[in-house]
Amino acid sequence: MKQFFLLAALLLHGTVLSAADLGTNEPHPFEQPSTAYLQKFAKPGEKTFVYERYDARGGLFQRDVTALTKPVEVKSATERVISGVTYRLRGLAACPKPQITYKAEEWDCTKAVRDYDDAVYNTRASVVLCKTLVLKSQPGVPDAVSCFALVGAGNANDPYSVSYDDDSMVFFDMAAIGRNKDGKSLRPDLEHASDLGKQFQTDEAN
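Predicted model only: the values in this text are computed from it and were never measured.

**Looking at unusual backbone geometry**
The backbone of Cys95 shows a phi angle near 40 degrees, a positive value even though the residue is not glycine. With respect to the secondary-structure elements, Cys95 resides in the loop between strand 6 (92-94) and strand 7 (99-102). Cys95 gets classed as buried once you look at its relative accessible area, which sits at 18%. Phi is positive for Ala104, which is not a glycine, with a value near 65 degrees.

**Some thoughts on the pairing of strand 7**
If a strand is regular, its side chains alternate between the two faces of the sheet. As defined by bridge partners, strand 7 adjoins strand 8 (residues 105-108) across four bridges and the pair is classed as antiparallel. Following the sheet pairing, Thr101 is matched in strand 8 by Glu106. In textbook terms, the turn of a hairpin is the stretch between consecutive antiparallel strands, and for strand 7 and strand 8 this stretch comprises two residues, one of which, Lys103, has a positive phi near 55 degrees.

**As for the pairing of strand 9 (residues 125-132)**
Most of strand 9 is tucked away, with eight of its eight residues classed as buried. Sheet analysis places strand 1 (residues 48-54) next to strand 9, joined by six bridges and oriented parallel. Bridge pairing in strand 9 links Arg53 to Thr132. As judged from the seven bridges shared by strand 9 and strand 10 (residues 143-151), these two strands associate in the antiparallel manner. Pairing of Val127 across the sheet is with Leu150, part of strand 10.

**Examining the state of the cysteines**
Evaluation of the coordinates by the stated rule reveals two disulfides. Each sulfur of the disulfide joining Cys95 and Cys109 lies 2.1 Å from the other. Its S-S torsion of approximately -90 degrees makes the covalent link between Cys95 and Cys109 left-handed. Taken together, the residues span a long stretch of sequence, with Cys95 in the loop between strand 6 and strand 7 and Cys109 in helix 3 (residues 109-124) at a distance of 14 residues. The two residues Cys95 and Cys109 agree in class, both being buried. Across the disulfide from Cys130 sits Cys147; the S-S distance is 2.1 Å. Between Cys130 and Cys147, the S-S torsion sits near 105 degrees, and that sign places the bridge as right-handed. Note that Cys130 is positioned in strand 9 and Cys147 in strand 10, a separation of 17 residues in sequence. Of the two residues, Cys130 and Cys147, both sit in the buried class. What links to what in the protein chain: the bonded cysteines, counted in sequence order, pair as 1-2, 3-4.

**Here we look at the packing of aromatic side chains**
Enumeration over the complete set of coordinates arrives at eight aromatic pairs. Relative to Tyr164, the ring of Phe148 lies with its centre 4.5 Å away and its plane at 25 degrees, an arrangement referred to as stacked. One end of the pair, Phe148, is in strand 10; the other, Tyr164, is in strand 11 (residues 161-164), and 16 residues separate them in sequence. The two residues Phe148 and Tyr164 agree in class, both being buried. Feature note: the residues Phe49, Tyr51 and Tyr87 constitute an aromatic cluster, connected by ring pairs.

**Some remarks on the side chain of Arg80**
Along the chain, Arg80 falls in strand 4 (residues 79-82). Reaching out from Arg80, the side chain makes a polar contact with the backbone oxygen of Ser76 at a distance of 2.6 Å. Other than its neighbours up to four places away in sequence, Arg80 contacts Val72, Glu73, Val74, Val85, Thr86, Tyr87, Leu89, Val113, Asp117, Tyr121, Asp165 and Met169.

Analysis parameters
The numbers attached to residues start from 1 for each chain and follow its sequence in the written order. Side-chain atom pairs in this predicted model are given and counted only at pLDDT of 80 or more, local residue features only at pLDDT of at least 70, and totals for whole chains, interfaces and linings cover all residues. Only hydrogens and water are removed before side-chain values are computed, so all heavy atoms of the structure are retained for them. Helix numbering and strand numbering both begin at the N terminus, where a helix is a DSSP run of H or I of at least 4 residues and a strand a DSSP run of E of at least 2. Each residue is assigned to one of three classes by its accessible area relative to the maximum for its type, calculated with a 1.4 Å probe on protein chains only: buried under 20%, partly exposed between the two thresholds, exposed over 50%. Should DSSP find at least two bridges between two strands, the strands are taken to pair. Disulfides are defined as pairs of cysteine sulfur atoms found within 2.5 Å of each other. Two aromatic rings, drawn from Phe, Tyr or Trp (for Trp, its six-membered ring), form a pair once their centres lie within 6.5 Å of each other, and the interplanar angle then sorts them: stacked below 30 degrees, edge-to-face above 60, tilted otherwise. Distance and chemistry together define a polar contact, namely a pair of N or O atoms within 3.5 Å, with one atom able to donate a hydrogen and the other to accept it when in protein, and with adjacent residues in sequence counting only for side-chain atoms on both sides. By definition, residues are in contact when any of their heavy atoms lie within 4.5 Å.

By themselves, these are just geometric observations and shouldn't be taken as functional.
Structural data, given as structure tokens:
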């Protein structure tokens, strides 16, 4: 029964992401990119890292496209090391609970994050895109980002899809949405994923 709920949750989550994939084909500071947008940066036989900086008006300020030659290191539920640079998922707090339900079993939260993201970033992804509102990085301070990956082989058996790291961390209860001093959500765009994830966790507990 637990395996059924996990499968159902994964299918539901995938459906949500696929629906969102009908979104923007143009640069945007917040919306999830489409597969077509990410495919523009794909190169045969290579992994590509795309880093986009956006200004306060939502305009694309800078884009860097480089080859991703080293595996992405997942330090925690909110920290990613890409090509030797540490980035932090925007507005999220890592592992609100030390133990979570993952693959129908109890897992250490950080180990579950690494298992999940290693499969996304280092096994299935051909393009990794992270975007930020930080125009100039500060020494010793990771840029706050949102990260996406183009996964799949692009054929009928394994079509392209977009994996949204921020969304997945919240859905699987691997990260919690932060709040400001007034209690308002720092990531209102992820509240729906949080609600769906809570339903999944409740079903698993039962």
